[in-house]
Amino acid sequence: MSEIGKKHSFRVPKDYFDSFEEKMLDQIDSKVSEFGFTTPKNYFEKVERDILSRVNYPSGSRSVLKYMYRAAAVAAILIAFIYNENNQKIQYEMTELFIEEYIIGSSTYEIADYTDFNGLSVETLLNSYESTGIEGVLDIRLYGENPTNLNILDDE
Amino acid sequence: MNQQNQFIDALNDPETQGSAFKKLIADYKERLYWHIRKIVIDHNDTDDVLQNTFLKVFENINKFKGNSNIYTWMYRIATNEALNYLGKKSRQVGVTSEEWIEKKTEKLESDVYFEGDAMELKLQKAIASLPEKQRLIFNMRYFEEIKYEKMSEILETSVGGLKASYHHAVKKIKNRINE
């Protein structure tokens with residue numbers, strides 16, 4: 001009779017006492033608290049993994065990709081340049097037309113008013129005058145973008 | 001070359017940046033977490049901001065020239081990220097960031113990640129009633145015990161301005177608690 005109740009009738013899960021210490025330490029870790037604020041259990045271990053999984057370290061394949069991006073960028077610039085070159089002709093023509101229209105509608109005095117003479121000096125005028133001699137004119141006419149009146153010397 | 005510069009070089013070197021960044025996270029995650037948590041209150045929001053902070057640090061480490069302490073620089077990023085996050089969240093629901101924080105603090109009692117006693121809850125509610133800048137300065141000085149000179153570097157505010165803000169904050173909190 002004296003032995004009744006001395007034997008344990010209750011059971012514990014397998015390895016309960018072996019893992020108890022570890023579990024308790026985990027519990028203590030989860031109680032990281034500052035002025036009442038707490039975090040989920042093992043949060044700081046988890047967040048470290050989360051951050052590291054979001055970081056893209058440069059790797060070999062990434063470097064190839066980087067060069068591909070660069071090549072694509074260069075190609076895009078070239079296409080834009082060619083497109084712009086084609087468009088530029090139209091833009092020049094339109095600008096010329098606009099200026100022409102503008103000048104036709106203005107008197108000499110008005111045109112003089114529009115012109116900026118500040119940057120103009122006699123020396124510059126003379127230099128630019130000298131730079132286009134008869135040979136120069138001939139060269140322009142013969143080899144320029146739009147050769148005109150190839151018989152100019154014949155007239156003279 | 002000092003220790004910090006060596007560490008920054010390691011962060012910029014593709015060969016070593018993985019382990020260096022891991023060390024950076026391990027060294028600063030908790031300090032930055034608690035700093036952010038005081039600003040945004042909610043754990044899940046803090047988690048978002050903390051992760052974004054470290055990603056910003058990683059993306060911009062090549063711009064860090066080592067003229068100041070890396071911790072100060074990271075603290076500044078964390079503060080900006082937290083304040084921007086608050087601004088964005090509060091705008092989404094059409095309130096000011098101060099109103100947003102007051103609402104969050106009112107729900108602290110039912111927050112599973114808050115187990116402060118009645119006095120701590122009262123203190124948090126009093127802090128939540130402060131204007132954003134005063135709240136930030138109060139938290140940094142009172143809880144984190146950061147020196148004014150260091151705070152001045154992080155927040156790019158004069159020491160005098162910080163002292164005045166802290167003084168006003170303390171006065172308001174005392175009044176609020178004694179109400």
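Colleague: I'm lost on the overall build of chain B in this one. Help?
Modeller: Within chain B, the regular secondary structure consists of nine helices and zero strands. Put simply, chain B runs from its N terminus to its C terminus through helices and strands in the order α-α-α-α-α-α-α-α-α. Residue burial in chain B is summarised as follows: out of 179 residues, 50% are buried. In chain B, the share of contacts with a sequence separation of at least 24, taken over all contacts with a separation of at least 6, comes to 60%. Accessible area for chain B stands at about 9200 Å²; split by element, carbon and sulfur atoms hold 46% of it.

Colleague: What is the right way to look at the packing of helix α5 (residues 97–106) of chain B against helix α6 (residues 118–128) of chain B in this model?
Modeller: All names here are of chain B. Where α5 contacts α6, the axes come no closer than 9 Å and their chain directions differ by 170°. Classified by the angle between their axes, α5 and α6 sit roughly antiparallel to one another. Along the contact surface, α5 presents Glu98, Ile101, Glu102, Thr105 and Glu106, while α6 presents Gln124, Lys125 and Ala128.

Colleague: Just checking my understanding: could you explain the interface of chain A and chain B for this structure?
Modeller: It is common to give the size of an interface as the accessible area that goes away when the parts come together. Facing 23 residues of chain A, the contacting portion of chain B comprises 30 residues. Carbon and sulfur atoms make up 67% of the surface buried where chain A meets chain B, a total of about 2600 Å² over both sides. Summed over the shared surface of chain A and chain B, the result is one salt bridge. Salt-bridge contacts for Glu48 of chain A lead to Lys29 of chain B; the nearest nitrogen and oxygen are separated by 2.7 Å. Only β1 (33–34), β2 (37–38) and α2 (43–54) of chain A provide two or more residues apiece to the side of chain A that touches chain B. Considering each element in turn, the side of chain A that touches chain B owes the most residues, nine residues, to α2 of chain A.

Colleague: Help me out: how do you make sense of the nonpolar core in this one?
Modeller: Across soluble globular proteins, nonpolar side chains show a tendency to be buried alongside one another. Residues and elements named next belong to chain B. Grouped together as the largest cluster of nonpolar side chains are 66 residues, with contacts concentrated most on Phe21, Leu24, Phe54, Ile70 and Met74. The leading source of residues in this core is helix α2 (residues 17–40), at 11 residues. Sequence-distant contacts of Ile70, that is, excluding residues within four places in its chain, are made with Gln4, Ile8, Leu11, Leu24, Tyr28, Ile61 and Phe64.

Colleague: Explanation requested: helix α4 (residues 70–92) of chain B in the structure shown.
Modeller: Structural remark: α-helix, 3.6 residues per turn; residues separated by three or four positions point the same way. All names here are of chain B. Over its 23 residues, α4 runs 33 Å from end to end, which matches the ideal 33 Å to within 8%, given 1.5 Å per residue. Structurally, the start of α4 carries an N-cap: the backbone nitrogen of Tyr71 is 2.7 Å from a side-chain oxygen of Asn69. Just past α4, the residue Gly94 takes up positive phi, approximately 70°.

Colleague: How should I be thinking about the pattern of salt bridges in this particular structure?
Modeller: Any two side chains of opposite charge can pair if their charged atoms end up close together. Taken as a whole and assessed by the stated rule, the structure comprises eight salt bridges over all chains. With its nearest N and O atoms 2.9 Å apart, the salt bridge here joins Lys46 of chain A to Asp50 of chain A. Highlighted residues: Lys46 of chain A and Asp50 of chain A, both in helix α2, separated by four residues, approximately one helical turn. On the accessibility criterion, Asp50 of chain A (21% relative accessible area) is partly exposed. Of the charged contacts, one joins Asp45 of chain B and Lys104 of chain B as a salt bridge, the two residues approaching to 3.6 Å between their closest N and O atoms. Here Asp45 of chain B, found in helix α3 (residues 43–60), pairs with Lys104 of chain B, found in helix α5; they are 59 residues apart in sequence, far enough to count as distant.

Rules of the game
Residues numbered from 1 in each chain as written. Chains lettered and ligands numbered in written order. Predicted model: local features only at pLDDT ≥ 70, side-chain atom pairs only at ≥ 80, totals over all residues. Heavy atoms only, no water. Helix = DSSP H or I, 4+ residues; strand = E, 2+ residues; numbered from the N terminus. Buried < 20%, exposed > 50% of the residue type's maximum accessible area, 1.4 Å probe, protein only. Contact = heavy atoms within 4.5 Å. Areas by Shrake-Rupley, 256 points an atom, 1.4 Å probe, with all protein chains shown as cover. Axes fitted to C-alpha atoms, helices over the stretch in contact; angles between N-to-C directions. Parallel < 35°, antiparallel > 145°, perpendicular 65-115°, else oblique. Buried area = accessible area lost by both parts, 1.4 Å probe. Salt bridge = Lys/Arg side-chain N within 4 Å of Asp/Glu carboxyl O. Core = buried A, V, L, I, M, F, W, Y, C linked by side-chain atoms within 4.5 Å. Expected span 1.5 Å × (residues − 1). Polar contact = N/O pair within 3.5 Å; in protein donor to acceptor, adjacent residues only side chain to side chain.

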